[in-house]
Amino acid sequence: SEAAYAERMNAAASDLGLRNTHAVNVTGLDAEGQYSSAMDMIRLGTRLMSNPTFQLTVNRVDAVLHELRHPTTNDLLNIYPGADGIKSGRTTGAGWCLLGSASREGRRIVVAVLGAPTEAARNQAAVSLLDWAFTQ
């Protein structure tokens, strides 16, 4: 059942040290009691980006399914030098969100933007965070 799977997701989150994440459904769509923190998303994204297959998947600017081309919704891949993933999304409750990754000179930075009021604001916040991080 979906509830049983969500509990397995919560157990996996706990095993990964994601202390501020709780799943209620398997889709990630808004639900009472479902939440995650920016830090937990960064921890998860950093872990996932250590997997070469995952890296190749989230670095794609489009995908073809049943002969239909589906462009990425991760605008960073098209606008930020070195961007190489991870996931964008938006729900009514969460706003515009992005877990982004960029690599330069052998260094990867992972950033999270949660609750932006617009897609443009989300993208600008991610760019600002990445720019700042690469200067440190």
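Small disclaimer: the values here were computed from a predicted structure and weren't measured.

1. Notes on the sheet that holds strand S3 (residues 83–91)
Reasoning step 1: What the 3 strands build is an open sheet, ordered S3-S4-S5; its pairing is antiparallel. The open sheet is flanked by S3 and strand S5 (107–116), the only strands paired with a single partner. Going across the sheet, the axis of each strand differs from the next one's by a mean of 5 degrees, ignoring polarity.
Reasoning step 2: The pairing of strand S4 (residues 95–104) with S5 spans 8 bridges and is antiparallel. Bridging across to S5, Leu99 finds its partner in Ala112.
Reasoning step 3: The strands touched by helix H2 (residues 38–48) within the sheet are S3, S4 and S5, with S5 carrying the most contacts at an inclination of about 145 degrees.

2. Quick look at the side chain of Ser37
Reasoning step 1: Looking at where Ser37 falls in the secondary structure, it is placed in the loop between helix H1 (2–15) and H2.
Reasoning step 2: The exposure class of Ser37 is buried, given its relative accessible area of 19%.
Reasoning step 3: A polar side-chain atom of Ser37 sits 3.0 Å from the main-chain amide nitrogen of Asp40.
Reasoning step 4: Leave out the neighbours within four places in its chain, and Ser37 touches Asn20, Thr21 and Leu114.

3. What to know about the nonpolar core
Buried together is how nonpolar side chains tend to be arranged in soluble globular proteins.
Reasoning step 1: If you look at the biggest cluster of nonpolar residues, it comprises 15 residues, and the most contacted ones within it are Leu76, Tyr80, Ile109, Ala126, Leu130 and Phe134.
Reasoning step 2: Of all elements in the fold, only helix H4 (76–79), S4, S5 and helix H5 (119–135) reach the threshold of two or more residues within this core.
Reasoning step 3: A per-element tally of this core places H5 first, with 5 residues.
Reasoning step 4: When residues no more than four places from it in sequence are discounted, the contact partners of Phe134 are Tyr80, Ala102, Ser103, Arg104, Arg107 and Ile109.
Reasoning step 5: With 6 residues, the next largest nonpolar core counts Val58, Ile86, Leu99 and Ala112 among its residues.

4. Details of the pairing of S4
Reasoning step 1: The buried count for S4 comes to 7 of 10 residues, which makes it a mostly enclosed element.
Reasoning step 2: Note: S3 against S4, 8 bridges, orientation antiparallel. The partner of Ala83 across the bridge, within S4, is Ala102.
Reasoning step 3: In textbook terms, the turn of a hairpin is the stretch between consecutive antiparallel strands, and for S3 and S4 this stretch comprises 3 residues.
Reasoning step 4: Between S4 and S5, which follow one another and run antiparallel, lie 2 residues, and Glu105 among them has a positive phi close to 50 degrees.

5. Things to note about the pattern of salt bridges
Reasoning step 1: Here the structure, examined in full by the defined rule, presents 5 salt bridges.
Reasoning step 2: Of the charged contacts in the structure, one is a salt bridge between Asp84 and Arg108, with a shortest N-O distance of 2.8 Å. Of the two residues, Asp84 sits in strand S3 while Arg108 sits in strand S5, which places them 24 residues apart along the sequence.
Reasoning step 3: Assessed through its relative accessible area of 10%, Asp84 is described here as buried.

Criteria and cut-off values
Residues numbered from 1 in each chain as written. Predicted model: local features only at pLDDT ≥ 70, side-chain atom pairs only at ≥ 80, totals over all residues. Heavy atoms only, no water. Pairing = 2+ DSSP bridges. Helix = DSSP H or I, 4+ residues; strand = E, 2+ residues; numbered from the N terminus. Axes fitted to C-alpha atoms, helices over the stretch in contact; angles between N-to-C directions. Contact = heavy atoms within 4.5 Å. Buried < 20%, exposed > 50% of the residue type's maximum accessible area, 1.4 Å probe, protein only. Polar contact = N/O pair within 3.5 Å; in protein donor to acceptor, adjacent residues only side chain to side chain. Core = buried A, V, L, I, M, F, W, Y, C linked by side-chain atoms within 4.5 Å. Salt bridge = Lys/Arg side-chain N within 4 Å of Asp/Glu carboxyl O.

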